[in-house]
Each structure stands twice: as C-alpha cells, then as structure tokens.
Amino acid sequence: MDYYLKCNRCNEKYGSSYAGQICGSCSGLLEVQYKKKVRPSLDAESFWDYEDQLPKSQYRHYLLGMTPLARAHGDGSLLMKMETLNPTHSFKDRGSAVELAKAAEYGFDEVVCASTGNMAYSISYYSKLYGLRSQVFISTNANKDKINDIKSVGDAQVHWVKGDFNKALAQAEDYSRKHKAFLTGDYCYRKEGQKTLAYEVMQQVHDLTHFIVPVGNATLISGVYKALRELKAANKIRKMPKIIGVQASGCMPLVRAFKLKKPVSYERPHTKADAIAVGLPTFGAQAMEAFKETGGYAVAVSDRELEDEKKRLYENYGIVAELGGVASLAAYRKAGIKESGRAVAVISGANV
Ligand code: F0G
C-alpha cells in the first residue's frame, strides 16, 4: 500500500523513497503511515495475502507465517501461536521479509543489524535470499549457539560487542552511517511485517480476551497493538483484547515503568532468557500506550519459571522452545489469566 514515514519525535515526514529507518533531522523513530485506511483481511490463506496492507515494495513470495494456533490441554481457554514454525524458528521472519524487500528495492548491497540472536539469524537468511550481504552486531553475552544458526543459513559477518544489546545497537547504527549499509532491525518496516501475526490470530480466534506477548525491544508488542487498532478502525473486530507484555524479572524495564507509572528507563540485563535481554526497549513508550488503551499490563517472570515452562512444553506437547519463547506461557500461569477469558500466548522462538 502507498505510504509515507513520519517521525514520532519531531513529526518530520518522508516519502517512501527515503531509504532510512530513523529520522534524518532528529534521529527519532519513524512510523509507517498509510495514505488510505488499512483494511486488513480476515480471510487470508497465506502471509502474502496481507501484501496490500504492507508498505508497497517488490516482495518475493517466500514461505512464512500462517502459523497454527494450537489449543493447550484443558478447557480451550489457552491457545498457543506457534511462531517457532517459521523458517528460522521465530516470528522475526515476518519483519525480515518486509525490511529486506525494502533494502533490495533501494538498491543496497549490504544490510546491518544489532540483535540478541534470532533477528540476526532471520536477517542472515533473508539477506541471502535477496542477494544482499549482512553484518550483525551481537553482544558477547548472547547465546553462542545462535551464531551457528546465523552462519548456517547465510553469509552474515558477526561483530562481537563487549556490552549489552543497547551497545550493539549503537554500533550497528554507526556502521550503517559509515558504510552506507541499510539499517535493519527493530524499526518501522519490521513492525509492519510483525503486525501480520495479530491479523492471523484475530482470523483464527473470535472471542479473544488476552493477547500475551514476550517483550525485548518491544517491536512485536507495538506491531500487535498497531494491527489491533487497524482491525478495530476497519470494524473487523468489536473490541481489542487486553495486551499483556512479558519480560524476564532480570531485565524488566517495562514492568518497572508500568508499576511505577514512569517513563521506561534503562536496566542492565541479568537473565538467561537471552532473546529478550534488552535493557531499553526501542518501542517501550508504544508498549506502555498499548497497555493503557487495551486495559492490559506488564508481567515479569523469573528464569526459574521460564526453565520450568520450557520443560513442561516439551514434556506435555513435544514442542521445543527457548526461554524467551515460553515467557507468554509462564505469564499466563503466573498472572491467573485462565480465570478471566480466552488467551493467546505467542510462542515466539525455538532457537536453543
Ligand atoms: N521472543 C523471541 C524469541 C525473541 O527473539 C525476541 C526478540 C522477542 C521475543 C521479543 O520481541 O524485541 O520485538 O519485543 N529478539 C530480538 C533479537 C531482540 O534481536 O532477536 P521484541
């Protein structure tokens, strides 16, 4: 769909030929704004049926998305959105397919990103499919096993960063400026691709009360919120489910901000849930808005609870997922959501 980009901070506008993902005037975050009202389809049969609702580009139609919604044991009040079944075993592929198409369209031959692991894996895979080189900046605290995945599917060059994800992010942005590489990662185009997860869920279940989403950089949760707003504005759903954001108790800047009713501020990560170890979520403010507007909230779960949940998922269903990938299930149990309606827990990744 035709669109323009608007800076969240200074309101500067850019046309769709602007080949950047952050504001050229103030370095603020950009947001994709469509020129016509978005009318998401609720009878899609493939990810690419959403193409008209995505930023106009030269998409290549790779297989992804349309992941199953599995019913958990019990009375059917818990459904699991199996994002582990995407090509690189996490929801990240939805966003990568969109932003790598933009990089190719603008004529770049190299892309760069910062990641806790899964996004780099996905970007390495899609950049190879699009014929682009990729550079990925990863904290030395990241799960080293994910590096094998990244190298096995593409030619990404890995840059180790002494420090956490936010330090890697600064270095990736710096690399993009110096080497004129297209900046990929948690920015506006990825968010658009990740909206499709919520379109699918709302097509798959009609009486949803809780949408439980793990939070790292908060791109997924803000994409879910944007998709629900679009569906509501197009009268495709009557009411938005409550959005519940989940973080590890060793890295919970959003949970703290929600409890203290304060802006989100940096917190040094101390958790084994490496995928969601992000000390300052890029889209934190939008996640806070999602809680407010949907009556949702933020929940913290301990590494111990995550380990137990991961074990339980394997023992009960034979499903492999990583610690960050089962955070939504741990939150469902901990926050007593069972008593109050029908929930979807996003099983976000399986790279262990
Ligand atoms: N679950 C998994 C498995 C992830 O890899 C991530 C994020 C999230 C949840 C949270 O999503 O960042 O949009 O809030 N991983 C990023 C990465 C940070 O680099 O792979 P988010």
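Shown above is the structure to which this text applies.
Here is a short report on the structure shown in this document. Quick caveat, the model's predicted, so the values are computed rather than measured.

**Remarks on the side chain of Glu-192**
Its place among the elements puts Glu-192 in helix H5 (residues 188–204). What makes Glu-192 buried here is its relative accessible area of 0%.

**A few points about the environment of Leu-228**
Secondary-structure assignment places Leu-228 in helix H6 (residues 219–233). According to the relative accessible area criterion, Leu-228 is buried, its value standing at 0%. For the pair Leu-228 and Thr-196, spaced 32 residues apart in the sequence, the C-alpha separation amounts to 10 Å. Each residue touching Leu-228, except ones within four places of it in the same chain, is listed here: Met-202, Phe-211, Ile-237, Met-240, Pro-241 and Ile-243.

**Regarding the packing of helix H2 (residues 118–129) against helix H3 (residues 145–153)**
Direction vectors running N to C along H2 and H3 enclose 5°, while the axes themselves pass 8 Å from each other. The pairing of H2 with H3 is recorded here as roughly parallel in orientation. Counting all contacts with H2, which are made through Asn-118, Ala-120, Tyr-121, Ser-124, Tyr-125 and Lys-128, the residues of H3 involved are Lys-146, Asp-149, Ile-150 and Val-153. Split into classes, the residues belonging to the contact of H2 with H3 amount to five nonpolar, two polar and three charged.

**Some remarks on H3**
Here H3 has its buried residues at Lys-146, Ile-147 and Ile-150. Take H3 and look down its axis: the buried residues cluster within an arc of 105°, on one side only. Across from the buried face of H3, at angles greater than 90 degrees, the exposed residues are Asn-148 and Ser-152.

**Here we look at the site of the ligand**
Among the 19 residues in the neighbourhood of the ligand, the closest are listed as Ser-115, Thr-116, Asn-217, Ala-218 and Ser-348. Contact with the protein chains hides 100% of the accessible area of the ligand, taken as 470 Å² for the molecule alone. Looking at the shell around the ligand, the elements that each hand over two or more residues are H2 and H6. Residues belonging to the shell around the ligand are distributed by class as follows: eight nonpolar, nine polar and two charged.

**Examining the packing of aromatic side chains**
Evaluation of the coordinates by the stated rule reveals twelve aromatic pairs. A ring pair is formed by Tyr-106 and Phe-182, whose centres lie 5.9 Å apart and whose planes are at 50°; its orientation type is tilted. Placement of Tyr-106 in the loop between helix H1 (92–105) and strand E6 (110–115) and of Phe-182 in strand E9 (residues 182–183) is noted, with a sequence separation of 76 residues between them. Residue Tyr-106 is classed as buried on the basis of its relative accessible area of 18%. Members of the aromatic cluster, connected to one another through ring pairs, are Tyr-62, Tyr-125, Tyr-126 and Tyr-130.

**A word on the state of the cysteines**
Taken as a whole, this structure holds zero disulfides when the rule is applied. Cys-26 provides the cysteine sulfur closest to Cys-10, a residue in no disulfide bond, and the two sulfurs are 3.7 Å apart. Looking at Cys-10, the relative accessible area reads 34%, which means it is partly exposed. Note on Cys-23: no disulfide assigned, nearest cysteine sulfur contributed by Cys-10 at a separation of 3.8 Å. Looking at Cys-23, the relative accessible area reads 4%, which means it is buried.

**Quick look at the pattern of salt bridges**
Overall, the coordinates contain 27 salt bridges when judged by the stated rule. Its salt-bridge partner being Glu-31, residue Lys-191 comes within 2.7 Å of it at the nearest N-O pair. Residue Lys-191 is found in helix H5, and its partner Glu-31 is found in strand E3 (residues 30–34); the two are separated by 160 residues along the sequence. Grouping residues by exposure puts Lys-191 and Glu-31 together as buried. A salt bridge links Arg-133 to Asp-109; its shortest N-O distance comes to 3.8 Å. With Arg-133 in strand E7 (residues 133–139) and Asp-109 in the loop between H1 and E6, this residue pair connects regions lying 24 residues apart in the sequence.

Calculation criteria
Residues numbered from 1 in each chain as written. Predicted model: local features only at pLDDT ≥ 70, side-chain atom pairs only at ≥ 80, totals over all residues. Heavy atoms only, no water. Helix = DSSP H or I, 4+ residues; strand = E, 2+ residues; numbered from the N terminus. Buried < 20%, exposed > 50% of the residue type's maximum accessible area, 1.4 Å probe, protein only. Contact = heavy atoms within 4.5 Å. Axes fitted to C-alpha atoms, helices over the stretch in contact; angles between N-to-C directions. Parallel < 35°, antiparallel > 145°, perpendicular 65-115°, else oblique. Nonpolar A, V, L, I, M, F, W, Y, C, P; charged D, E, K, R; others polar. Arc of directions from axis to C-beta. Near = heavy atom within 4 Å. Areas by Shrake-Rupley, 256 points an atom, 1.4 Å probe, with all protein chains shown as cover. Phe/Tyr/Trp six-rings, centres within 6.5 Å; stacked < 30°, edge-to-face > 60°. Disulfide = S-S within 2.5 Å. Salt bridge = Lys/Arg side-chain N within 4 Å of Asp/Glu carboxyl O.

Without other data, these values stay purely geometric and don't point to any function.
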